[in-house]
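Coordinate inspection notes
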Amino acid sequence: MKTKITFYRNQLGMTQEELATAVEVTRQTIISLEQGKYNPSLELAHKITKVLKKKHIEEVFKL
Amino acid sequence: MIAKPQWFKRRKYFGWGAYPATWQGWLYLAVALVLIAIIQFIPITSQLKIVLTILIALILIVDTAIIMPKLSKDERDKKHEAIAERNALWAILSVLVSGVSYQVASSAVRNDFSNVDWFLVAAIIFGLLVKAMSNLYLDRKD
């Protein structure tokens, strides 16, 4: 799954560690998500979208 | 429970259980090991030594069993652990089934089943039951 997590995270000046803490996962999970290696659950995708201040999941995650 | 979950980290790559992550965790483990060592040298009967050693080992095992579910795991960790546990189970099952099959086959040839380890047979049957019950529970749950 392709994501724009890195792009939006950098826009907010947020580190991987800060994002990981905000959505209650490990930094390694954020790294895997950003590299498109791991497909998140709907719940985690929602949380990340919210923390990155986006309205729709599709803005952050793309199949 | 004597130990606290924040003293430990989940063992990720090898084996099951947890390992100390803070000095309190290391102190807890060291105290347990020193106590076990001291017990071996104090002038008491060997039976009492065994009982006391088993008691401390039990405390360690129970503490680990209580701490493990409390150690933080995110969804990716849980998925990885589930896959690793499944693979480990298949490895264990392969060895168990091969061993029991060999025991039953060789016993059948001699017509003497006293060499079959019925605990191993029970372990396989119990595993099958737990799997069936888990599937049933999970199907009804979601």
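Residues numbered from 1 in each chain as written. Chains lettered and ligands numbered in written order. Predicted model: local features only at pLDDT ≥ 70, side-chain atom pairs only at ≥ 80, totals over all residues.

Remarks on the overall build of chain A
Check the secondary structure of chain A and you find five helices and two strands. The helix and strand sequence of chain A, counted from the amino end, reads β-α-α-α-α-α-β. For 63 residues, the compact-globule estimate of 2.2 N^0.38 gives 11 Å, and chain A sits close to it at 10 Å. C-alpha extents for chain A along the principal axes are approximately 25 × 20 × 20 Å. Residue pairs at least 24 apart in sequence account for 55% of intrachain contacts in chain A once pairs closer than 6 positions are excluded. (Helix = DSSP H or I, 4+ residues; strand = E, 2+ residues; numbered from the N terminus. Rg over C-alpha atoms; globule rule 2.2 N^0.38 Å. Contact = placed C-beta atoms within 7 Å.)

Section: the domain arrangement of chain B
Its domain assignment divides chain B into domain 1 (5-70) and domain 2 (75-141). Computed over C-alpha atoms, the centres of domain 1 of chain B and domain 2 of chain B are 29 Å apart. (Domains from an automatic or database assignment.)

A look at unusual backbone geometry
Excluding glycine, most residues fall at negative phi; most peptide bonds, likewise, are trans. Positive phi values are uncommon outside glycine, yet glutamate 24 of chain A reaches one of about 60 degrees. Summarising the element assignment, glutamate 24 of chain A is placed in the loop between α2 (16-22) and α3 (27-34). Unlike most non-glycine residues, asparagine 111 of chain B shows phi in positive territory, near 55 degrees. Its location among the elements puts asparagine 111 of chain B in the loop between α3 (75-110) and α4 (118-141).

With respect to α3 of chain A
Taken together, the buried positions of α3 of chain A are Thr29, Ile30 and Leu33 of chain A. Along the long axis of α3 of chain A, the arc covered by the buried residues comes to 100 degrees, so they all point the same way. Contact partners of the buried residues in α3 of chain A: β1 (2-3), α1 (5-11) and α2 of chain A together with α3 of chain B. Positioned one or two residues after α3 of chain A, glycine 36 of chain A has a phi angle of 75 degrees, which is positive. (Buried ≥ 20, exposed ≤ 12 C-beta atoms within 10 Å, placed from the backbone. Arc of directions from axis to C-beta.)

Remarks on the interface of chain A and chain B
Each partner contributes residues to the interface: chain A has eight residues there, and chain B has four residues. Its residues assigned to classes, the side of chain A that touches chain B shows three nonpolar, four polar and one charged. (Nonpolar A, V, L, I, M, F, W, Y, C, P; charged D, E, K, R; others polar.)

Some remarks on the environment of valine 51 of chain A
Assignment of secondary structure puts valine 51 of chain A in helix α4 (residues 42-51). Setting aside its immediate chain neighbours within four residues, valine 51 of chain A contacts Leu19, Ala22 and Val23 of chain A.

Topic: the nonpolar core
Listed in full, the eleven residues of the largest apolar core are Ile5, Leu19, Val23, Val25, Ile30, Leu33, Tyr38, Ile48, Leu52, Val60 and Phe61 of chain A. The contacts of isoleucine 48 of chain A, once residues within four sequence positions are left out, are Ile5, Val23 and Val60 of chain A. (Core = buried A, V, L, I, M, F, W, Y, C linked by C-beta atoms within 7 Å.)

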